[in-house]
Amino acid sequence: MQREGNTEAALAKEKELNQLRRVELAERVKVYPTDLNLRFRLGEVLLKVGEFDTAIGEFQKTIRDPKFKNESQLRMGQAFAAKGQNDLAVRQLEGALEGHTHVTDRVKEIHYELGGIYMKLDNIEKAREHLGAIYEVDIGYGDVGDLLAKLDSSDEEGKLALG
């Protein structure tokens with residue numbers, strides 16, 4: 001639908017599909033409460049539909065499994081950030097970076113999230129650190145170049161202007 005230019009209809013269908021997934025996965029979790037894969041998938045859908053507290057609860061359960069730990073921390077960080085709880089978001093996202101020895105797409109995503117949070121907090125140095133970690137290895141990643149330029153100009157002007 002999006003190819004036809006009907007973005008609103010496509011977003012409405014996606015929202016409807018995510019609600020159906022939420023219901024289905026919640027039912028499956030009731031039947032198989034120890035299945036952490038189902039819980040993780042439910043958490044992802046809850047995050048997409050904006051049920052942040054419930055999503056965080058699911059990720060808090062899946063984080064205990066090493067297989068889901070980093071992904072759960074990333075998603076919890078995103079949920080906390082969406083709620084405006086940036087200190088908790090940073091803690092989870094920094095934890096999600098631990099143990100990574102190579103810069104993968106997931107590591108770039110974590111650095112990007114952290115850079116965005118630090119920009120909101122007007123912590124230019126930390127924002128530059130995380131966005132720069134991406135830029136060093138992938139100059140074309142999203143809008144990282146533009147964000148770093150904003151950070152550079154904010155250094156000159158003394159205040160970060162998000163917009």
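It should be emphasised that the depicted structure is a prediction, and the values quoted were computed from it without experimental measurement.

A.B. asks: Can you walk me through the packing of helix H1 (residues 7-31) against helix H2 (residues 36-48) in this structure?
C.D. replies: Angle between the axes and distance between the axes are the two parameters that describe a pair of packed helices. Where H1 contacts H2, the axes come no closer than 9 Å and their chain directions differ by 150°. Classified by the angle their axes make, H1 and H2 are roughly antiparallel. For H1 against H2, the interelement crossing comes out left-handed. Two secondary-structure elements touch here, H1 through Asn18, Arg21, Arg22, Leu25, Ala26, Arg28 and Val29 and H2 through Leu38, Arg39, Arg41, Leu42, Val45, Leu46 and Lys48. Class assignment of the residues belonging to the contact of H1 with H2 gives a composition of seven nonpolar, one polar and six charged.

A.B. asks: Just checking my understanding: could you explain H2 for this structure?
C.D. replies: An α-helical turn contains 3.6 residues, so any two residues separated by three or four positions project in the same direction. The end-to-end C-alpha distance of H2, which contains 13 residues, comes to 18 Å, matching closely the 18 Å that a straight helix rising 1.5 Å per residue would cover. Those residues of H2 that fall on the buried side of the exposure criterion are Leu38, Arg39, Phe40, Leu42, Gly43, Val45, Leu46 and Leu47. A side-chain oxygen of the first residue of H2 lies 3.0 Å from the backbone nitrogen of Asn37; this N-cap is Asp35. Immediately beyond the C-terminal end of H2, within one or two residues, lies Gly50, with a positive phi of roughly 85°.

A.B. asks: Please explain the pattern of salt bridges as it appears in this structure.
C.D. replies: Close approach of charged atoms lets side chains of opposite charge pair. As enumerated under the stated definition, the model contains 14 salt bridges in all. Of the charged contacts, one joins Glu58 and Arg39 as a salt bridge, the two residues approaching to 2.7 Å between their closest N and O atoms. Of this pair, Glu58 sits in helix H3 (residues 52-62) while Arg39 sits in helix H2, placing them 19 residues apart in sequence. Take Glu58: its relative accessible area is 8%, and that puts it in the buried class. In this structure Arg39 comes out as buried when scored by relative accessible area, which is 11%. For Glu71, the salt bridge goes to Arg75, with nearest N and O atoms at 3.5 Å. Residue Glu71 and its partner Arg75 are both found in helix H4 (residues 69-82); the two are separated by four residues, about one turn of the helix. A relative accessible area of 11% places Arg75 in the buried class.

What counts, and where the lines are drawn
Residues numbered from 1 in each chain as written. Predicted model: local features only at pLDDT ≥ 70, side-chain atom pairs only at ≥ 80, totals over all residues. Heavy atoms only, no water. Axes fitted to C-alpha atoms, helices over the stretch in contact; angles between N-to-C directions. Helix = DSSP H or I, 4+ residues; strand = E, 2+ residues; numbered from the N terminus. Parallel < 35°, antiparallel > 145°, perpendicular 65-115°, else oblique. Left-handed = near helix turned anticlockwise from the far one by under 90°. Contact = heavy atoms within 4.5 Å. Nonpolar A, V, L, I, M, F, W, Y, C, P; charged D, E, K, R; others polar. Expected span 1.5 Å × (residues − 1). Buried < 20%, exposed > 50% of the residue type's maximum accessible area, 1.4 Å probe, protein only. Polar contact = N/O pair within 3.5 Å; in protein donor to acceptor, adjacent residues only side chain to side chain. Salt bridge = Lys/Arg side-chain N within 4 Å of Asp/Glu carboxyl O.

Everything listed here is a matter of geometry and, on its own, says nothing about what the molecule does.
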